[in-house]
Amino acid sequence: MDGVADEAPILQVLGLSLYYGDFRAVRDIDLEIRPRRITAIIGSSGCGKSTLLRSFNRMNDFIPGFRAEGQVRFAGQEIYREGIDAVSLRRRIGMVFQKPNPFPKSIYENVAWGARVNGFRGDLGELVEASLRKAALWEEVGDKLDQSGLSLSGGQQQRLCIARALAVEPDVILMDEPCSALDPIATLKIEDLMRSLASAYTILIVTHNMQQAARVSDFTAMMAMGEDRAGMLVEFDATQTIFTRPKDQRTEDYVTGRYG
Amino acid sequence: MKRSSRAVLDRELQAIQDDVLRMAHLLDEAVSRSLEALASHNTQLANEIVAGDAQINALRFRIEEACLALIATQQPAAGDLRAVIAAMNIVGDMERMADHAAGIARLVLGMGTEPLLKPLIDIPRMVEVCRTMVRESLEAFVARDPERARQVAAQDNTIDGLYKQIFRELLSFMVEDPSTTSRALYLLFAAHNYERIGDRATNIAERVIFMASGEMHELNPEPPDTAHL
């Protein structure tokens with residue numbers, strides 16, 4: 001599978017099915033996510049991409065009736081096992097959402113908040129600067145850290161949210177359509193940022209924008225809805241393979257715009 | 001997610017394919033007429049072939065422009081992308097094949113009034129196979145049929161066999177009577193041009209296989225002992 005096989009996975013999904021009450025939203029997923037790579041999850045609306053993404057840091061736990069069958073192993077540990085602290089899991093697997101959602105606080109506080117809550121004992125000022133630099137935002141906001149995070153443009157707000165996620169030093173960052181509310185230039189900045197972050201972090205991104213998946217990701221997981229309306233994994237491969245010679249006809253049809 | 005652009009993409013892909021076939025038709029005509037000019041020493045026809053090459057070149061650029069525009073505006077992926085890339089490669093090969101036909105026409109113009117060294121027997125056979133290969137490789141392109149493309153490539157062995165035979169025969173003429181050398185070389189150059197056309201038809205077959213399956217490999221690797229031919 002074009003070099004997929006030679007690295008130990010950071011996330012392993014084994015026979016995973018996800019339910020909302022009686023409805024099975026995602027079924028029988030087997031997937032291995034490589035560390036320090038960008039993996040895109042593509043597929044038509046309603047095929048369970050976000051549900052799958054959110055299962056990696058137990059974000060779905062907040063939804064009443066949600067239930068997971070099968071396993072998600074993070075660094076070898078089953079995350080749905082009893083006794084796993086979902087809060088500390090989410091510190092190691094951060095998330096960036098579709099709409100930038102900074103707190104109505106200063107830029108500084110937006111970044112410092114998570115670290116402070118987690119009992120960070122080092123120099124908060126240094127941490128804020130380092131996180132903003134990693135998020136490629138320092139040059140633009142370094143001299144106005146006390147301004148409200150909400151005063152920034154959409155693209156800057158999204159990078160602020162990425163800085164906030166980075167400040168708690170996660171291993172994995174989940175991104176759920178992080179650019180869908182951004183203009184093309186802001187989108188390219190986020191994509192550049194993702195590429196530079198991929199040297200240190202594992203990134204998973206759900207996107208409806210196939211060109212974005214093609215541009216930014218190393219691996220692509222193609223999902224589709226089955227006849228029972230449950231989402232399933234159709235094909236997983238190196239992104240280049242998915243967009244030039246996919247093996248499954250449903251992937252071919254989706255990436256060429258014939259279906260979806 | 002519904003995308004209306006698929007209709008535009010399909011229409012543009014179809015237009016490119018139509019132009020590729022149009023170019024193949026012009027090429028076939030040039031190849032067939034080059035043999036006629038050679039056999040009948042028809043310099044007027046040879047001049048027409050040389051002049052007609054410009055039209056083939058122009059069509060090639062037009063198709064490449066259309067492919068570039070399609071890539072830039074439609075972002076084709078997977079099978080569509082392979083089809084566009086295959087079309088670009090195929091028109092490049094056809095343009096070179098047409099150059100070989102024009103090259104044969106130029107030989108006719110350069111031969112002067114000397115009669116042919118010998119009646120043409122194997123060269124028309126080569127041309128027949130060349131034309132079949134071009135036609136069938138384009139049929140495989142339209143049908144996206146890798147099996148048919150493989151059958152096309154297999155025919156190149158016939159062309160190579162005929163070429164070797166011509167080579168030996170003309171060599172023996174030249175050895176026995178060096179005064180035949182220039183007339184023998186004209187025929188040898190003509191045969192060589194047809195041999196190259198067969199190789200290019202094999203390239204087209206390779207592109208069709210790539211387009212249909214995503215596999216990229218050479219169909220008739222050159223045997224090491226034929227490098228001098």
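Located above this text is the structure these notes cover.
Thresholds, definitions, all that
- Residues numbered from 1 in each chain as written.
- Chains lettered and ligands numbered in written order.
- Predicted model: local features only at pLDDT ≥ 70, side-chain atom pairs only at ≥ 80, totals over all residues.
- Helix = DSSP H or I, 4+ residues; strand = E, 2+ residues; numbered from the N terminus.
- Rg over C-alpha atoms; globule rule 2.2 N^0.38 Å.
- Contact = placed C-beta atoms within 7 Å.
- Axes fitted to C-alpha atoms, helices over the stretch in contact; angles between N-to-C directions.
- Parallel < 35°, antiparallel > 145°, perpendicular 65-115°, else oblique.
- Left-handed = near helix turned anticlockwise from the far one by under 90°.
- Nonpolar A, V, L, I, M, F, W, Y, C, P; charged D, E, K, R; others polar.
- Core = buried A, V, L, I, M, F, W, Y, C linked by C-beta atoms within 7 Å.
- Buried ≥ 20, exposed ≤ 12 C-beta atoms within 10 Å, placed from the backbone.
- Pairing = 2+ DSSP bridges.
- Right-handed = clockwise from strand over helix to strand, strands pointing away.
- Arc of directions from axis to C-beta.

Enquirer: So what's going on with the overall build of chain A? Residues and values would help.
Expert: Each helix and strand in chain A was counted, giving 10 helices and 10 strands. Whereas a compact globule of 260 residues would reach a radius of gyration of roughly 18 Å, chain A reaches 18 Å, a difference of no more than 12%. When the backbone C-alpha atoms are referred to their principal axes, chain A occupies close to 55 × 40 × 35 Å. Across chain A, every contact between residues at least 6 apart in sequence was considered, and the portion connecting residues at least 24 apart equals 70%.

Enquirer: Explain the interface of chain B and chain A residue by residue, including any values.
Expert: In many analyses, interface size is given as the accessible surface area lost on bringing the parts together. Taken residue by residue, the interface counts 12 residues in chain B and 15 residues in chain A. Listing elements by their share of the side of chain B that touches chain A, those giving two or more residues are α1 (5-40) and α3 (78-110) of chain B. Among the elements that take part in the side of chain B that touches chain A, α3(B) stands out by supplying 5 residues, more than any other.

Enquirer: Describe in detail the packing of helix α5 (residues 146-154) of chain B against helix α7 (residues 181-213) of chain B, supporting the description with residues and values.
Expert: Residues and elements named next belong to chain B. The interhelical angle for the contact between α5 and α7, taken along N-to-C directions, is 160°, at an axis separation of 8 Å. In this view, α5 runs roughly antiparallel relative to α7, as classed from their interaxial angle. Regarding α5 and α7, the two cross each other, and that crossing is left-handed. Counted together, Pro146, Ala149, Arg150, Val152 and Ala153 of α5 and Ala201, Thr202, Ala205, Val208, Ile209, Ala212 and Ser213 of α7 form the full contact between these two elements. Here the residues of the contact of α5 with α7 are counted per class, giving 9 nonpolar, 2 polar and 1 charged.

Enquirer: Which residues make up the nonpolar core, and what values do they have?
Expert: In this structure, A:Leu204, B:Leu27, B:Ala87, B:Met126, B:Cys130 and B:Val208 are the most contacted members of the largest nonpolar core, which totals 145 residues. Per element, the largest residue contribution to this core is 17 residues, and it comes from α3(B).

Enquirer: With reference to specific residues and values, describe the pairing of strand β7 (residues 172-176) of chain A.
Expert: All names here are of chain A. With 5 of its 5 residues buried, β7 lies for the most part within the structure. Burial of β7 is two-sided: the residues Val172, Leu174 and Asp176 facing one way and the residues Ile173 and Met175 facing the other way are all buried. Sheet analysis places strand β6 (residues 93-96) next to β7, joined by 4 bridges and oriented parallel. Residue pairing for β7: Met95 is matched across the bridge by Leu174. Alignment of β7 against strand β8 (residues 202-206), held across 5 bridges, turns out to be parallel. Pairing of Ile173 across the sheet is with Ile203, part of β8. For the crossover that starts at β7, traverses helix α7 (residues 184-197) and ends in the parallel β8, the hand is right-handed.

Enquirer: Hey, could you go over the packing of helix α4 (residues 122-143) of chain B against α5(B) for me, with residue numbers and the actual values?
Expert: When two helices pack together, their arrangement is given by the angle between their axes and by how far apart the axes lie. All names here are of chain B. Their axes nearest at 8 Å, the elements α4 and α5 cross at an angle of 165°. Between α4 and α5, the crossing angle belongs to the class labelled roughly antiparallel. Classified by chirality, the crossing of α5 by α4 is left-handed. Residue-level contacts link Met133, Glu136, Ser137, Glu139, Ala140 and Ala143 of α4 to Arg148, Ala149 and Val152 of α5. Among the residues forming the contact of α4 with α5, the class breakdown is 5 nonpolar, 1 polar and 3 charged.

Enquirer: How would you explain α5(B) if you had to name every residue and give the values?
Expert: Residues that lie three or four places apart on an α-helix share one face, since the helix turns once every 3.6 residues. All names here are of chain B. Among the residues of α5, those classed as buried are Ala149, Val152 and Ala153. Each buried residue of α5 lies within a common arc of 95° when the element is viewed along its axis, so the set occupies one face. In this fold, the buried residues of α5 make contact with α4, α6 (156-176) and α7.

Enquirer: Tell me about unusual backbone geometry, and please be specific about residues and values.
Expert: All names here are of chain A. In the Ramachandran plot, Glu169 falls in the positive-phi region, its phi being about 50° despite a non-glycine side chain. Structurally, the position occupied by Glu169 is in the loop between α6 (154-167) and β7. Here Glu169 falls in the partly exposed class, since 17 other C-beta atoms lie within 10 Å of it. Within the chain, Glu177 stands out as a residue other than glycine whose phi angle is a positive 50°. Considering the arrangement of structural elements, one finds Glu177 in the loop between β7 and α7. Residue class for Glu177 comes out partly exposed when judged on the 19 C-beta atoms lying within 10 Å of it.

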